[in-house]
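An overview of the molecular structure
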Amino acid sequence: MTIQWFPGHMAKATREVKENLKLVDIVFELVDARCPLSSHNMYLDEVVKDKKKVIIFNKIDLCDKKETAKWKKYFEERGYKVVYADAKNSNSLNGIIGEAKEELSEKFERMKAKGIKPRAIRSMVIGVPNVGKSTFINKMIKKNVANTANRPGVTKKQQWLKLNKDIDLLDTPGILMPKFDNQEIGKKLSLIASIKDDITPLDEVALYLIEFLKKYHFEDFKSFYKIDISKDSESLEIMQAIAKKRFKLIAGDYDYDAAIKLLIQDFRTQKFGLITLDKYEDMLAHED
Ligand code: G4P
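We now turn to the structure provided with this report. (Residues numbered from 1 in each chain as written. Predicted model: local features only at pLDDT ≥ 70, side-chain atom pairs only at ≥ 80, totals over all residues. Heavy atoms only, no water.)

A look at the overall build of the chain
Helices and strands together make up the secondary structure of the chain, namely 11 helices and 8 strands. Out of the 288 residues in the chain, the part that is buried amounts to 49%. Put simply, 70% of the contacts in the chain that link residues at least 6 apart link residues at least 24 apart. (Helix = DSSP H or I, 4+ residues; strand = E, 2+ residues; numbered from the N terminus. Buried < 20%, exposed > 50% of the residue type's maximum accessible area, 1.4 Å probe, protein only. Contact = heavy atoms within 4.5 Å.)

So this is what it looks like as structure tokens:
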């Protein structure tokens, strides 16, 4: 079974994002620091085209910083501005405003030279579900919001939040699904809860997670569940070991459903440590 990647409401959301993009000077794309490449919308580059972008690696508190730093470099080498954020816990997201101003300084200088009256930078937040867009917007406006203003939008009246005198932010984030043809990316997006569990084959996601943990975090994984497994154990065998250890048999069989849910939940609550799912070296190997 494959994951249904692009439900109908996503197509509508994508259309809305395209409309809203016309209104802004700069886009803050939020990605999940645990998989910056998989949660980044490559399709966005085509849509955004000449708009400036800052990629925000949010949930930096949850990732393996050493691994994620490689992705920062990867994006920077491709001309992106990258900023780390922990929108849930941090109160200092103000650096991001500075980055936006820097990115747009030339454009605004050109406008000034042409005698165009100075105005605030218009920005919007965009990203796949659950990367923290709403949390980020709320944090950004928490202290700074002075007022909101209505400005005619394309599809409807848009609410603009004033972050400071220099920058406005569209109050609704743009929700997009990444464009991809790769099931592995889907499994990662499921693990970070970007794709809803009820449309996901969670058994495949859990088996993928076991493979990943076996390969990269074997000792933490094994010691967390206190199960007797080796790196050569089959994924299904490992799932059985977890089910056996933690749950009662159901009609004489292992409770796979419970084990699957447990594994995914334990990943989402960092029981195996701080993990980055996108592995830079793996991607390089795929490129060869
Ligand atoms: P979205 O708009 O992109 O869909 O995401 P949203 O802001 O709703 O955030 C999704 C979840 O991610 C929320 O958790 C939120 O608290 C959490 N989150 C956002 N930013 C960060 C961050 O930088 N670090 C961490 N650790 N978590 C973050 P939730 O469990 O759905 O809600 P709640 O119980 O935290 O309120």
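Right, picking up where we left off after that structure.
Quick look at the packing of helix α7 (residues 202–216) against helix α9 (residues 235–246)
At their nearest, the axes of α7 and α9 sit 9 Å apart, and the two run at 100° to each other. Taken together, the axes of α7 and α9 lie roughly perpendicular to each other. For the pair α7 and α9, contact is made by Asp203, Ala206, Leu207, Ile210, Glu211 and Lys214 and by Ser235, Leu236, Ile238 and Met239, respectively. Among the residues making up the contact of α7 with α9, the classes are represented as 6 nonpolar, 1 polar and 3 charged. (Axes fitted to C-alpha atoms, helices over the stretch in contact; angles between N-to-C directions. Parallel < 35°, antiparallel > 145°, perpendicular 65-115°, else oblique. Nonpolar A, V, L, I, M, F, W, Y, C, P; charged D, E, K, R; others polar.)

Some remarks on the packing of aromatic side chains
The tally for this structure, following the rule as stated, stands at 15 aromatic pairs. With 5.0 Å between their ring centres and 70° between their planes, Phe224 and Tyr225 make a pair best called edge-to-face. Looking at Tyr225, the relative accessible area reads 2%, which means it is buried. Ring geometry for Phe224 versus Phe272: centroids 5.7 Å apart, planes at 90°, classification edge-to-face. Here Phe224 is found in helix α8 (residues 218–225), whereas its partner Phe272 is found in the loop between α10 (256–268) and α11 (280–287), with 48 residues between them in sequence. (Phe/Tyr/Trp six-rings, centres within 6.5 Å; stacked < 30°, edge-to-face > 60°.)

Observations concerning the pattern of salt bridges
Tallied over the full model, the rule gives 19 salt bridges. Among the ionic pairs, Lys165 bridges to Asp166, the shortest N-O distance being 3.3 Å. Across the pair Lys188 and Asp278 runs a salt bridge whose closest N-O atoms are separated by 2.8 Å. Of this pair, Lys188 sits in helix α6 (residues 183–191) while Asp278 sits in the loop between α10 and α11, and the two are 90 residues apart along the sequence. Each of Glu67, Lys70, Lys279 and Glu281 takes part in salt bridges that share partners, so that together they form one network. (Salt bridge = Lys/Arg side-chain N within 4 Å of Asp/Glu carboxyl O.)

A few points about the site of the ligand
Near the ligand you find 14 residues, and of these Asp61, Ala87, Lys133, Ser134 and Thr135 are the closest. Contacts to the ligand include Asp86, whose side-chain N or O atom sits 3.2 Å from an oxygen atom. Expressed as a share of its isolated accessible area of 710 Å², the protein-covered part of the ligand is 63%. Here the shell around the ligand takes 3 residues from helix α5 (residues 133–144), the largest share from any one element. When its residues are assigned to classes, the shell around the ligand shows 4 nonpolar, 5 polar and 5 charged. (Near = heavy atom within 4 Å. Polar contact = N/O pair within 3.5 Å; in protein donor to acceptor, adjacent residues only side chain to side chain. Areas by Shrake-Rupley, 256 points an atom, 1.4 Å probe, with all protein chains shown as cover.)

Quick look at the packing of α9 against α10
The contact between α9 and α10 brings their axes to 9 Å, and the two run at 100°. Here α9 is positioned roughly perpendicular relative to α10, judged by the angle of their axes. Across from Leu236, Met239, Gln240, Ile242, Ala243 and Arg246 in α9, the residues of α10 making contact are Tyr256, Ala259, Ile260, Leu262 and Leu263. Grouping the amino acids of the contact of α9 with α10 by side-chain chemistry returns 9 nonpolar, 1 polar and 1 charged.

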